[in-house]
Amino acid sequence: MDEPESRGLLQLAANENLDNLTFVVNCNLQRLDGPVRGNGKVMQELEAFFRGAGWNVIKVVWGREWDSLLSKDREGHLVRIMNETPDGDYQTYKAENGAFVRDHFFGKSPETKELVADLTDEQIWNLKRGGHDYHKVYAAYRAAVEHKGQPTVILAKTVKGYGLGPHFEGRNATHQMKKMTLQDLKDFRDHLRIPITDEQLEANPYEPPYYHPGPDAPEIRYLLARRGELGGSVPQRRKEHRAVALPSEKAYEIAKRGSGKQQAATTMSFVRLLKDVMRDKEFGSRIVPIVPDESRTFGMDAFFPTAKIYNPKGQNYLSVDRDLVLAYKESPAGQLIHPGINEAGAVAAFTAAGTSYATHGEPLVPVYVFYSMFGFQRTGDSFWAAADQMARGFVIGATAGRTTLTGEGLQHADGHSPLLASTNPAVVAYDPAFGYEIGHIVRAGLERMYGGAHEDPNVMYYLTVYNEPIVQPAEPAGLDVDSLLRGMYRLPLPAPGEGGDTAADDAGSAFTRLGADAPRAQVLASGVAVPWALEARQILAEDWGVAADVWSVTSWTELRREGLAAEEQAFLHPELEAPVPFVTRQLATTSGPVVAVSDYMKAVPDQIRQFVPRDYAVLGADGFGFSDTRAAARRFFKIDAHSVVVRTLQELARRGEVPAGAPREAIEKYRLLDVNAGTTGNAGGDA
């Protein structure tokens, strides 16, 4: 319970009145190395914490053997000693014996020592803690299920290693003790009254027999009957769920159209797409947007008036922004989950919605939108647990990248989340550059999760989207959607006058003027870096006569996974023709060095190095950050358009395809060492 994942989500359960939720905290007072709170009382601490979070708290502290002693304690001496004794002493008592407890616990006052004068040491030793008294445990469980309006926590005081004998009970080494002696086994058998003979134990002390009373034994029949009444065995995977009608083609049209002459960041492109998917009559109600107090930052306040924010109590106050079109609106029928700045609670909600297809037979698609790195860095363990529970849904790392958030402090400068996400086998990670890419990725994700054809639908799609506005291009004719979804595709060169973007048109003109013998290069870029790569293509063509192809790498991670799978196939089946990784196939018909760039640290594009068939140079934003303008930050990290140009020229010079002095000339021409000379990036910051 000291873990942030354990405490951070409690408020969410209380706010939503989850009275069907019961936590049971086993308070055995002991960590692996020693007492949890040797000088204090962890049960009181947890009680205060849960009550403060709005939970109903039930404490099961003392077994019924203490009842008669407490009834005789009319002046409160026993209760006083109970309250004053720290947890460290309670652990020690259970590692000693009845005589020790008589002297060191009851002996703290004449009155309490007199209370147990007529008890033997054995009777004192058998004074149980509440968690080991099934009468008290039953009473606590009953009180919990009958309580309404709040989640309940049962704090049960126990002894670590209870029943395993004096060598185990209450000992700091319990976790490291792997074997029981023959006498330990016999004592354990006697304590639990298990009908196994000495001869059976002595036959092989290292493999003691299991005991089962048989399927017709009354206790087994009772347990199975109760389990049936509670809905079946736990854990249980329910594969059958209500049929789902996926969104129609119309829901994705806005992503394909681009933004015309207006600028829009990929964050806004995603939000517009999500809004249209939520409007789908058959599917839209299954979307569960989850945003930890940053909806307005992401432009999702447009959801407030229609989808509304879920609150079981509704909105019982007069909203300060009630006169605004996008006023804050809470409702019991709300669709948007708004846990506040509570990422642990947000991932808890994501997991609940993402596993609803199995737990309730009702598919829901959670869409958790978080700020920058405050996802896999902050709640990576929770995402791992969600994956372990086979949750399905979308995780959106908004305002992504290391240089897009300049001015907000380096704690926001995320250069590594794709690497963290890649460690989770259930996460399918994408770093899209344009709105039409997002549309295809979202569609593919929904089809994988609920289309019924994929062998592994239990995945979470992670998309990084940015807050830097650009003119979103329309989907190009003949787009290679399969390659886009696999992880990389070559961007077409716009014909002059057709791109809607003067710079892109100029680049197309310059590119087409180059002869067939012009030096060639391949530039791989992802996310917000793709426009820089396109700018670099123009500069290379106009200033240096170099023809560079630009590839949008939608997923470095998926490319790596596919490449590793190809290597595994070749490793395990040498008798078959070795498969060629997708990256290798894509670049096989091209020429020239390969230069990669992203708004992340070099290790992100470096994931595919072993599959690139030629010289491979990587640019990245390594380090804590540079909190200035975007252009200066990108020049500082050497990932801007001019840095791509210089790095490409260096690789070409090394191959003898451009003059050896070209890289130095370019460095001086573009003032590459001057952070204030950077020009790459839109200065606007609205999503």
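Above this note sits the structure.
Bear in mind that the values here come from a model prediction, so they are computed numbers and not experimental data.

Q: Just to check I follow, could you spell out the overall build of the chain for this structure?
A: The helix and strand tally for the chain stands at 28 helices and 17 strands. Dimensions of the chain, computed from C-alpha atoms along their principal axes, come out at roughly 105 × 65 × 55 Å. By residue count, 51% of the 687 residues in the chain fall in the buried class. Partitioning the contacts of the chain with sequence separation of at least 6, the portion at a separation of at least 24 is 75%.

Q: Any chance you could explain helix α10 (residues 134-146) here in plain terms?
A: With 13 residues, α10 extends 18 Å between its outermost C-alpha atoms, agreeing within 8% with the 18 Å of an ideal straight helix rising 1.5 Å per residue. If you check the start of α10, you find a side-chain oxygen 2.9 Å away from the backbone N of H135, and it comes from D133.

Q: Any chance you could explain the sheet that holds strand β3 (residues 152-157) here in plain terms?
A: Whenever strands of a sheet pair, they do so through backbone hydrogen bonds, lying parallel or antiparallel. Taking strand neighbours across the sheet as the criterion, the 3 strands line up as β1-β3-β2 in an open arrangement whose pairing is parallel. For this open sheet the edge positions go to β1 (22-27) and β2 (56-60), each flanked by a neighbour on one side alone. Put simply, the sheet's adjacent strands are angled 20° from each other on average, direction ignored. Sitting on the sheet, helix α3 (residues 42-52) is in contact with β1, β2 and β3, with an inclination near 165° to β2. Seen against the sheet, α10 touches β1, β2 and β3 and runs at an angle of roughly 175° to β2.

Q: Looking at this structure, I do not really get unusual backbone geometry. What am I missing?
A: A negative phi angle characterises most non-glycine residues, just as the trans form characterises most peptide bonds. In this model, D293 sits at a positive phi of 70°, which is unusual for a non-glycine residue. One non-glycine residue, T399, lies in the positive phi region at around 45°. Among the structural elements, T399 can be located in the loop between β9 (393-398) and α19 (417-422).

Q: Sorry if this is basic, but what is going on with the layout of surface pockets here?
A: One water molecule sets the probe size; rolling that probe over the atoms shows where empty space is left. Here the largest pocket defines a volume of roughly 1800 Å³. Taken together, 45 residues make up the lining of the largest pocket; nearest its centre are L21, A352, T355, T359 and H360. At the level of elements, α1 (4-8), α2 (10-15), β5 (287-290), α16 (343-354), α17 (356-359) and α18 (376-388) are the ones that each hand at least two residues to the lining of the largest pocket. Sorting elements by how many residues they give to the lining of the largest pocket places α16 first, with 7 residues. For the lining of the largest pocket, the class distribution of residues is 24 nonpolar, 16 polar and 5 charged.

Q: Help me understand the sheet that holds strand β15 (residues 547-553), please; the structure alone is not making it clear to me.
A: The strand order across the open sheet formed by 5 strands is β13-β15-β14-β16-β17, and the pairing between neighbours is mixed. The two strands at the open ends of the sheet, each matched to only one other strand, are β13 (488-490) and β17 (616-619). Adjacent strand axes in the sheet meet at a mean angle of 25° when their direction is disregarded. Note that strand β16 (residues 594-597) and β17 share 4 bridges and pair parallel. In the sheet register, A596 faces β17, and the bridge partner there is V618. Running at roughly 175° to β15, helix α23 (residues 530-544) makes contact with β14 (520-525), β15 and β16 of the sheet. Here helix α27 (residues 641-654) sits on the sheet and contacts β14, β16 and β17; the angle it forms with β17, its principal contact strand, is near 160°.

Q: Any chance you could explain helix α20 (residues 435-450) here in plain terms?
A: Since the α-helix packs 3.6 residues into each turn, any two residues three or four apart lie on the same face. The first and last C-alpha atoms of α20 sit 23 Å apart over 16 residues, in line with the 22 Å expected at 1.5 Å per residue. With 14 of its 16 residues buried, α20 lies for the most part within the structure.

Q: I tried to follow empty space enclosed by the protein on my own but got confused; where do I start?
A: Taken as a whole and judged by the stated rule, the model has 6 cavities of 30 Å³ or more. What the largest cavity holds in volume is close to 140 Å³. Lining the largest cavity are W62, W66, Y90, Y93, K94, V101, F105, I124, W125, L127, K128 and R129. Of all elements in the fold, only α6 (87-93) and α9 (121-125) reach the threshold of two or more residues within the lining of the largest cavity. Residue composition of the lining of the largest cavity, grouped by class: 9 nonpolar, no polar and 3 charged. Along the wall of the second largest cavity there are 14 residues; nearest its centre are P418, A429, Y430, D431 and W556.

Q: What should I look at first to understand the side chain of T112 in this one?
A: Take T112: it is sitting in helix α8 (residues 110-115). On the basis of relative accessible area, T112 is assigned to the buried category, the value being 0%. A polar side-chain atom of T112 sits 2.5 Å from the main-chain carbonyl oxygen of F106. Side chain to side chain, T112 and S109 meet in a polar contact 2.8 Å long. Ignoring anything within four residues of it in the chain, the contact list for T112 reads H77, L78, I81 and F106.

Analysis parameters
Residues numbered from 1 in each chain as written. Predicted model: local features only at pLDDT ≥ 70, side-chain atom pairs only at ≥ 80, totals over all residues. Heavy atoms only, no water. Helix = DSSP H or I, 4+ residues; strand = E, 2+ residues; numbered from the N terminus. Buried < 20%, exposed > 50% of the residue type's maximum accessible area, 1.4 Å probe, protein only. Contact = heavy atoms within 4.5 Å. Expected span 1.5 Å × (residues − 1). Polar contact = N/O pair within 3.5 Å; in protein donor to acceptor, adjacent residues only side chain to side chain. Pairing = 2+ DSSP bridges. Axes fitted to C-alpha atoms, helices over the stretch in contact; angles between N-to-C directions. 1 Å grid on protein atoms, 1.4 Å probe; cavity = no way out; pocket = protein on both sides within 12 Å on 5 of 7 lines; lining within 4 Å. Points joined across faces, edges and corners; volume = space filled by probe spheres on them. Nonpolar A, V, L, I, M, F, W, Y, C, P; charged D, E, K, R; others polar.

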